[in-house]
Amino acid sequence: MPLTTLTDSFKTLLLRGLLAGLIAGLLAGAVAFTLGEPHVQAAINIEESAAAAEAPAADHHAGEATTDPGAAEESAGHSHGDEEPLVSRTGQRAGLFLATALAGLALGAIFAVVVHYARRFTAVNGPLLAIAVAGCGWLAIEAVPFFKYPANPPAVGDPDTINERTLLWLASVILGLAAVAVAVYVGRALRNQQLVTLRVIGQVAAFLVVAAIGYIALPGINEVGEDFPATLLWEFRVSSLATQAMLGLALGLAFAFLTERAHRRVTR
């Protein structure tokens, strides 16, 4: 069964990708809310406790630095002023689903474009191709960057290095795309090989070699303080990986389901 019939235009694939992306985004939001949100709140509590512990010392030094009682009082007022966040925690929790839904829509559109071009170079049936593209995309965009630069909770990381960390993360995404591209190229080069195991081993080896070289070339980042709970850090990263896995898995399965359903309709 080919991926598309004459009715499966690029517009049809794009709409299918957007719908699948929306479904995947909402499911990923549910996973992030259930598994990740408690760890985020715990990390924020740690950050606020550390800030509260440092505030009295800062106020004490500020009071000693001036002999003007009015100035000291004004300084203390600024230190203890209620600094409400731009978005409340309730708003952040609600915005989590909006963010994952928008991310799912964007990934769904990109996914449809990739499938549109990938179908020209393979005879793999529609649902299998959708799942394969989703798996490759997850490896390139999520897995490779994650295992080099794993996600950190809000209380971890130096704000002054955020630009550097963002650029390194983008470099790891490019590395993932290159590793997947090389693996696909090796697979096409070995397509005449009768032993399926050799083709699989060749692709896996090519992917791992490129990823390993990139991991060695890219610098490491470790801004986790020694006093930060290791269990909380581990649980946060696992929940982050689970959210990303749900996004990729749901996107591929939803697109495959919608494709197969559309083809069954046309066949009937």
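See the structure shown above.
Residues numbered from 1 in each chain as written. Predicted model: local features only at pLDDT ≥ 70, side-chain atom pairs only at ≥ 80, totals over all residues. Heavy atoms only, no water.

### Side note on the overall build of the protein chain
Counting its secondary structure elements, the protein chain contains 7 helices and 0 strands. Going residue by residue from the N terminus, the α and β elements of the protein chain occur as α-α-α-α-α-α-α. Out of the 268 residues belonging to the protein chain, those deemed buried represent 32%. Long-range contacts, defined as pairs at least 24 residues apart, comprise 84% of the intrachain contacts of the protein chain with a sequence gap of at least 6. (Helix = DSSP H or I, 4+ residues; strand = E, 2+ residues; numbered from the N terminus. Buried < 20%, exposed > 50% of the residue type's maximum accessible area, 1.4 Å probe, protein only. Contact = heavy atoms within 4.5 Å.)

### Considering helix α6 (residues 196-217)
Three- or four-residue spacings in an α-helix give side chains the same orientation, since the helix completes a turn every 3.6 residues. Here α6 contains 22 residues, and its C-alpha end-to-end distance of 32 Å stays within 8% of the 32 Å for a straight helix at 1.5 Å per residue. Residues of α6 that are buried include every one of Gly202, Ala206, Phe207, Val210, Ala211 and Gly214, and no others. When α6 is viewed along its axis, its buried side chains cluster within an angular range of 150° and face the same direction. In α6, the exposed residues that point more than 90 degrees away from the buried face are Thr197, Ile201, Leu208 and Ile216. Packing partners of the buried residues in α6 comprise α4 (126-148) and α5 (162-189). (Expected span 1.5 Å × (residues − 1). Arc of directions from axis to C-beta.)

### Overview of the packing of aromatic side chains
Across all of its chains, the model carries 3 aromatic pairs by this definition. Summarising the aromatic geometry, the rings of Phe111 and Phe255 are spaced 5.0 Å apart at their centres and angled 70° between planes, so their arrangement reads as edge-to-face. With Phe111 in helix α3 (residues 89-118) and Phe255 in helix α7 (residues 230-267), the pair connects residues that are 144 residues apart, well separated along the chain. Each member of the pair, Phe111 as well as Phe255, is classed as buried. (Phe/Tyr/Trp six-rings, centres within 6.5 Å; stacked < 30°, edge-to-face > 60°.)

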